[in-house]
Each structure stands twice: as C-alpha cells, then as structure tokens.
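Residues per chain, in single letters:
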Amino acid sequence: QVQLVESGGGLVQPGGSLRLSCAASGIFSSINLMIWYRQAPGNQRELVASIDRGGFTTYADSVKGRFSISRDNAKNTVYLQMNSLKPEDTAVYYCNADVQSMVMTLRNYWGQGTQVTVSS
C-alpha cells in the first residue's frame, strides 16, 4: 500500500511564504506524475501545479510566478514553494501521484490534504 503524506500547511499573512511537502511511502517501483491540487470551501478542486519524473512543470495561471513545484526522486517527495501568498490561496492543498508498482501497474493516489490559510 502506498501512502502520500503532506506537511507544511498553516496560517500565514498575505505576502508571506509557505513550503508544502508530500512524501510517498510504501513499496513501489517509481513515481511518475506528481500534482498539487487545492480546494477552497464551496469550490471545485483545482490543479495548482504538476511535475513529471523528468522535471517538466506546469502551473495554473493564478499561481504562475508565485509558486514553484519541485521533486526529489531519491526521497519520493514533491514540494510546493508558495510565495507572495494571497487570501484567495486559502484552501486545503492535496498531493496526487501516479505510482508504478513492482509489477509495473500504474495507480493513482491522493494525500489527506493540508490546510493553508492566508489571513491578516
């Protein structure tokens, strides 16, 4: 069984920064695409940023220039550096990953989410 565990959320003032981490644990061969999503109350879950195993990244327009996604394949961990945070960034942030098992099947996993609140 594979688990994704997020950390790093919290309360921050507008203009501040936070760094989220998501570590994968369990028995598997490799992790392909890793994605950060977020969901604010009353809103649909939206993609924030993604990164493939080779380091190719994509971002939602709303976070371009402020957020940066990265990964450490040796640690099976993905990061989301969030700078210049705005109140509208307030949401539960979820990690998502496509994980390849030891028998080469691909399965998608979600983390439990971490709350980010941007408020003065």
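Our structure's up above, just so we're on the same page.
Source: prediction; values computed, not measured. (Residues numbered from 1 in each chain as written. Predicted model: local features only at pLDDT ≥ 70, side-chain atom pairs only at ≥ 80, totals over all residues. Heavy atoms only, no water.)

*Asks:* Help me understand the overall build of the protein, please; the structure alone is not making it clear to me.
*Replies:* On a plain count of helices and strands, the protein comes out with 0 helices and 11 strands. Overall, the protein shows an N-to-C arrangement of helices and strands of β-β-β-β-β-β-β-β-β-β-β. Against the 2.2 N^0.38 benchmark of 14 Å for 120 residues, the protein shows a C-alpha radius of gyration of 14 Å, consistent with a compact globule. Structurally, the protein occupies a C-alpha span of about 50 × 25 × 25 Å along its principal axes. In the protein, which comprises 120 residues, the share counted as buried stands at 42%. Restricting the contact set of the protein to residue pairs at least 6 apart, pairs at least 24 apart contribute 54%. For the protein, the computed accessible surface area is about 6,300 Å², with 49% contributed by carbon and sulfur atoms. When the 10 basic and 8 acidic side-chain charges of the protein are each reduced to a single mean position, those positions are 4 Å apart. (Helix = DSSP H or I, 4+ residues; strand = E, 2+ residues; numbered from the N terminus. Rg over C-alpha atoms; globule rule 2.2 N^0.38 Å. Buried < 20%, exposed > 50% of the residue type's maximum accessible area, 1.4 Å probe, protein only. Contact = heavy atoms within 4.5 Å. Areas by Shrake-Rupley, 256 points an atom, 1.4 Å probe, with all protein chains shown as cover. Lys, Arg positive; Asp, Glu negative; His and termini not counted. Charge placed at Lys NZ, Arg CZ, Asp CG, Glu CD.)

*Asks:* Can you help me understand the pairing of strand E11 (residues 114-118) in this one?
*Replies:* Both faces of the sheet carry side chains from a regular strand, because those side chains alternate between them. Residues Thr-114, Val-116 and Val-118 point to one face of E11 and are all buried, whereas Gln-115 and Thr-117, pointing to the other face, are not buried. Pairing of strand E9 (residues 91-100) with E11 involves 3 bridges; the strand directions are antiparallel. Residue pairing in the sheet places Tyr-93 in a bridge with Thr-114 of E11. (Pairing = 2+ DSSP bridges.)

*Asks:* In this structure, what is going on with the nonpolar core? I would like to understand it.
*Replies:* Of all hydrophobic cores here, the largest spans 31 residues; its most connected members are Trp-36, Val-48, Phe-67, Val-78, Leu-80, Met-82 and Tyr-93. Mapped by element, the contributors of at least two residues to this core are strand E3 (18-25), strand E4 (30-39), strand E5 (46-51), strand E7 (67-72), strand E8 (77-82), E9 and E11. No other element matches the 5 residues that E9 contributes to this core. (Core = buried A, V, L, I, M, F, W, Y, C linked by side-chain atoms within 4.5 Å.)

*Asks:* I'm lost on the pattern of salt bridges in this one. Help?
*Replies:* Note that side chains of opposite charge can pair when their charged atoms are close. Following the criterion strictly, the structure yields 4 salt bridges and no others. When the shortest N-O distance is used, the salt bridge between Asp-89 and Arg-38 registers 2.9 Å. Here Asp-89 is found in the loop between E8 and E9, whereas its partner Arg-38 is found in strand E4, with 51 residues between them in sequence. Using a relative accessible area of 6% as the deciding quantity, one classes Arg-38 as buried. The salt bridge involving Asp-89 is made with Arg-66; its shortest N-O contact spans 2.7 Å. With a gap of 23 residues between them, Asp-89 in the loop between E8 and E9 and Arg-66 in the loop between strand E6 (57-59) and E7 connect regions that are remote in the sequence. Overall, Asp-89 belongs to the buried group, its relative accessible area being 0%. Each of Arg-38, Glu-46, Arg-66 and Asp-89 takes part in salt bridges that share partners, so that together they form one network. (Salt bridge = Lys/Arg side-chain N within 4 Å of Asp/Glu carboxyl O.)

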